[in-house]
Amino acid sequence: MIIQDEFDNQALAQAEFEEYVDHLADAVAPEIEIDSVPDDLGELYRVWNGSQLLGTFYQNLESKWIAQPCNSDKRHRCDTSDSALLLIIAVNGLLVADVA
């Protein structure tokens, strides 16, 4: 029967959608770690996701924070260390928003 088939298809699509949404809700924020090593002009901060280096940032002589994500030649100028950190995380596709 056409009506029953249409209802079954719609119910199946709804169930698959709900399963997909549940899967997205299970996403866990990455465990970002920051360490530092001494440099000639101060500290060089390194941003890690497990054993993967995501990038580095440091404060230059003009008090700007310079962020350099891995696999990029660009050096982004930021006003704060938090901005530099967030930029590195976002460029690596690991920025997670809490929508609750």
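Refer to the structure presented above.
Analysis parameters
- Residues numbered from 1 in each chain as written.
- Predicted model: local features only at pLDDT ≥ 70, side-chain atom pairs only at ≥ 80, totals over all residues.
- Heavy atoms only, no water.
- Helix = DSSP H or I, 4+ residues; strand = E, 2+ residues; numbered from the N terminus.
- Buried < 20%, exposed > 50% of the residue type's maximum accessible area, 1.4 Å probe, protein only.
- Areas by Shrake-Rupley, 256 points an atom, 1.4 Å probe, with all protein chains shown as cover.
- Salt bridge = Lys/Arg side-chain N within 4 Å of Asp/Glu carboxyl O.
- Arc of directions from axis to C-beta.
- Contact = heavy atoms within 4.5 Å.

Enquirer: I tried to follow the overall build of the protein chain on my own but got confused; where do I start?
Expert: Along the backbone of the protein chain there are two helices and five strands. Starting at the N terminus and walking to the C terminus, you meet the elements of the protein chain as α-β-β-β-β-β-α. Expressed as a percentage of its 100 residues, the buried residues of the protein chain come to 15%. Accessible area for the protein chain stands at about 7,900 Å²; split by element, carbon and sulfur atoms hold 53% of it.

Enquirer: I'm lost on the pattern of salt bridges in this one. Help?
Expert: Any two side chains of opposite charge can pair, on the condition that their charged atoms come close. Tallying each qualifying case throughout the model produces three salt bridges. Here Arg77 and Glu62 are joined by a salt bridge, their closest N and O atoms 3.4 Å apart. One end of the pair, Arg77, is in strand β5 (residues 76-78); the other, Glu62, is in the loop between β3 (52-59) and β4 (65-69), with 15 residues separating them in the sequence. Taken individually, Arg77 and Glu62 each receive the classification exposed, so the pair is uniform in this respect. Here Lys64 ties to Asp79 by a salt bridge, and the two come within 2.4 Å at their closest N and O atoms. Linking Lys64 in the loop between β3 and β4 with Asp79 in the loop between β5 and α2 (81-91), this pair joins segments that are 15 residues apart in sequence.

Enquirer: Explain α2 here, please?
Expert: An α-helix turns once every 3.6 residues. As a result, residues three or four positions apart point the same way. Of all the positions in α2, only Ala84, Leu85, Ile88 and Ile89 are classed as buried. For α2, the arc enclosing every buried residue in end-on projection is 130 degrees, short of the 170-degree limit, so these residues lie on one face. Residues of α2 that are exposed and point more than 90 degrees away from the buried face comprise Asp82 and Val91. Against β1 (32-39), β2 (42-49), β3, β4 and β5 lie the buried residues of α2. Phi turns positive one or two residues past the end of α2, at Gly93, with a value near 75 degrees.

Enquirer: What exactly am I supposed to notice about unusual backbone geometry here?
Expert: In most cases, non-glycine residues show a negative phi, while peptide bonds are predominantly trans. Phi is positive for Ser63, which is not a glycine, with a value near 65 degrees. Inspection of the secondary structure puts Ser63 in the loop between β3 and β4. One non-glycine residue, Asn71, adopts positive backbone phi at about 60 degrees. As for its position among the elements, Asn71 is in the loop between β4 and β5. A relative accessible area of 85% means that Asn71 is categorised as exposed.

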